[in-house]
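Analysis of the macromolecular model
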Amino acid sequence: MDAFLDIETTGFIGGNSYPTVVGVAIDFPGDWSVEQLVGDAITPAAIEHVLEGVTTIYTFNGSSFDLPFLAWKPGVDLRRQFEHQDLMHTCRRAGLRGGLKRIERTLGIDRADLPDMDGHDAVLLWRKYLDEANTSALELLLEYNRADVENLYTLRNILRQQHDWRT
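Predicted model only: the values in this text are computed from it and were never measured.

What about the pattern of salt bridges?
According to the stated counting rule, one finds ten salt bridges in the structure shown. A salt bridge links D77 to R79; its shortest N-O distance comes to 2.9 Å. Of the residues examined, R79 reaches a relative accessible area of 42% and is grouped as partly exposed. One salt bridge in this structure joins R146 and E150, with 3.0 Å as the shortest N-O distance. Here R146 and its partner E150 are both found in helix α6 (residues 135-162), four residues apart, which amounts to about one turn of the helix. Connected through salt bridges with shared partners, the residues K101, E104, R111 and D148 form a single ionic network.

A few points about the pairing of strand β5 (residues 83-86)
Pairing of strand β4 (residues 56-59) with β5 involves four bridges; the strand directions are parallel. Among the inter-strand pairings, Y58 is bridged to a residue of β5, identified as Q85. Following the backbone out of β4, through helix α2 (residues 66-72) and into the adjacent parallel β5, one traces a crossover that is right-handed.

Some remarks on the sheet that holds strand β1 (residues 2-9)
One open sheet holds the five strands; their spatial order is β3-β2-β1-β4-β5, and the pairing between them is mixed. Each having just a single partner strand, β3 (33-38) and β5 make up the two edges of the open sheet. Between one strand and the next, the sheet's axes are offset by a mean angle of 25 degrees, whatever the strand orientation. Pairing of β1 with β4, which is carried by three bridges, proceeds in the parallel orientation. Looking at β4, one finds that F4 is bridged to Y58. Packing against the sheet, α6 makes contact with β1, β2 (19-27), β3 and β4, and its axis sits at approximately 140 degrees to β1.

Notes on the nonpolar core
Core analysis: the largest hydrophobic core is formed by 21 residues, its most contacted members being L5, V22, V24, I47, L51, L70 and L78. Elements supplying a minimum of two residues to this core: β1, β2, α1 (44-50) and α2. If near-sequence neighbours (up to four positions away) are discounted, L70 is found in contact with L5, I7, V22, I47, G75, V76 and L78. Among the nonpolar cores identified, the runner-up in size contains 18 residues, and Y58, F60, L100 and I109 belong to it.

Some details on the side chain of E8
Position of E8 among the secondary structure elements: in strand β1. With no salt bridge to any partner, buried E8 finds its closest opposite charge in K101, at an N-O distance of 6.6 Å. Of the polar contacts made by the side chain of E8, one reaches the side chain of N145; its length is 3.1 Å. The residues touching E8, leaving out its near neighbours within four places in the chain, are P19, T20, V21, A122, L141, Y144, N145 and D148.

Definitions and limits used
- Residues numbered from 1 in each chain as written.
- Predicted model: local features only at pLDDT ≥ 70, side-chain atom pairs only at ≥ 80, totals over all residues.
- Heavy atoms only, no water.
- Salt bridge = Lys/Arg side-chain N within 4 Å of Asp/Glu carboxyl O.
- Buried < 20%, exposed > 50% of the residue type's maximum accessible area, 1.4 Å probe, protein only.
- Helix = DSSP H or I, 4+ residues; strand = E, 2+ residues; numbered from the N terminus.
- Pairing = 2+ DSSP bridges.
- Right-handed = clockwise from strand over helix to strand, strands pointing away.
- Axes fitted to C-alpha atoms, helices over the stretch in contact; angles between N-to-C directions.
- Contact = heavy atoms within 4.5 Å.
- Core = buried A, V, L, I, M, F, W, Y, C linked by side-chain atoms within 4.5 Å.
- Lys, Arg positive; Asp, Glu negative; His and termini not counted.
- Polar contact = N/O pair within 3.5 Å; in protein donor to acceptor, adjacent residues only side chain to side chain.

Structure, rendered in structure tokens:
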């Protein structure tokens, strides 16, 4: 079973940074599920529970950021437990350059009605949620993360179809 994982954080690895959202889309045979762990709910046990039955995790730049970050905080090393495919490297081999949002635009992958956002915006939304108890900021952050994990699935499928890439 395949999972598509993306995290939002308060910054880079080190210091007082921590993950704020762990989003996982799971491609169950004949079904689709998105789970999002938020704040204090992000624990090794919760992450492992969400990934139960998964064999392969897909990320974008996950080998450099998402998976090392989760190994650091909260201390769950998914690299040891699952096969991992970093779609950023697959995109590079297919001649697609830039970050996830740029590649999505290049390939015509839609982000619905979400404003043009990036990881810095995700940090600001989390701060707004914490500082002001602004649930709208949290909802937008979760929507942004959900689009990331769902679009990883679409990206993987486009790479398979248009670039004859297989895992």
